[in-house]
Amino acid sequence: TNKKSIHIGKCIKERLVADGKSTVWLANQLGCHRTNLYKIYDKSTIDTGVLLRISKIMGVNFFLLYDELLKDTKL
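Residues numbered from 1 in each chain as written. Predicted model: local features only at pLDDT ≥ 70, side-chain atom pairs only at ≥ 80, totals over all residues. Heavy atoms only, no water.

### Quick word on the pattern of salt bridges
Move 1: Inspection of every chain in the model, using the stated rule, returns three salt bridges.
Move 2: Between glutamate 68 and lysine 71 there is a salt bridge; the shortest N-O distance is 3.6 Å. Pair noted here: glutamate 68 and lysine 71 are both in helix α5 (residues 63–71), with a separation of three residues, about one helical turn.
Move 3: Relative accessible area serves as the criterion here: at 57%, lysine 71 is assigned to the exposed category.
Move 4: A cluster of three or more residues bridged by salt bridges with shared partners is formed by Asp67, Glu68 and Lys71. (Salt bridge = Lys/Arg side-chain N within 4 Å of Asp/Glu carboxyl O. Helix = DSSP H or I, 4+ residues; strand = E, 2+ residues; numbered from the N terminus. Buried < 20%, exposed > 50% of the residue type's maximum accessible area, 1.4 Å probe, protein only.)

### Some points on helix α2 (residues 23–30)
Move 1: Listing the buried residues of α2 in full gives Thr23, Leu26, Ala27 and Leu30. Projection of α2 onto a plane perpendicular to its axis shows the buried side chains occupying an angular sector of 100°, all on one side.
Move 2: For α2, the secondary structure elements touched by its buried residues are α1 (8–18), α3 (34–42) and α4 (48–58).
Move 3: One or two positions beyond α2, positive phi appears at glycine 31, with a value near 75°. (Arc of directions from axis to C-beta. Contact = heavy atoms within 4.5 Å.)

### A look at the nonpolar core
Move 1: Ranked by size, the top nonpolar core spans 18 residues in total, and within it Ile8, Ile12, Ile54, Met58 and Phe62 carry the most contacts.
Move 2: Secondary-structure elements contributing two or more residues to this core are α1, α2, α3 and α4.
Move 3: Among all residues touching isoleucine 8, those that are not within four sequence positions of it are Lys43, Ser44, Thr45, Ile46, Leu51, Phe62, Leu65 and Tyr66. (Core = buried A, V, L, I, M, F, W, Y, C linked by side-chain atoms within 4.5 Å.)

### Structural notes on the environment of tyrosine 41
Move 1: Relative to the helices and strands, tyrosine 41 is located in helix α3.
Move 2: Overall, tyrosine 41 belongs to the buried group, its relative accessible area being 5%.
Move 3: Once the C-alpha coordinates of tyrosine 41 and isoleucine 8 are considered, the two residues, 33 residues apart in sequence, prove to be 7.5 Å apart.
Move 4: Not counting the four nearest positions on each side in its chain, tyrosine 41 is found in contact with His7, Gly9, Lys10, Ile12, Lys13, Leu16 and Thr23.

### Examining the packing of aromatic side chains
The relation between two aromatic rings is expressed through the spacing of the ring centres and the mutual angle of the planes.
Move 1: Under the counting rule described, the total for this entry stands at one aromatic pair.
Move 2: Sitting over the ring of tryptophan 25, lysine 21 keeps its end group 4.6 Å from the ring centre. (Phe/Tyr/Trp six-rings, centres within 6.5 Å; stacked < 30°, edge-to-face > 60°. Lys NZ or Arg CZ within 6 Å of the ring centre and 35° of its normal.)

Here is the structure:
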């Protein structure tokens, strides 16, 4: 990828839909209200602890998106 940034909220929502899961399902897994997830979907960045929990629940390493971004970026 040659992206300069990642909108992690959109990535989470897209993967959730692709996996056939609902926002309510993920909210239940996280122990929060679905409105909190709608806020996450709108965010381009989120707390790493939250991202780790979502990654574990969904079985997706969302951190790899950032790894790819770093490989494409001169540090």
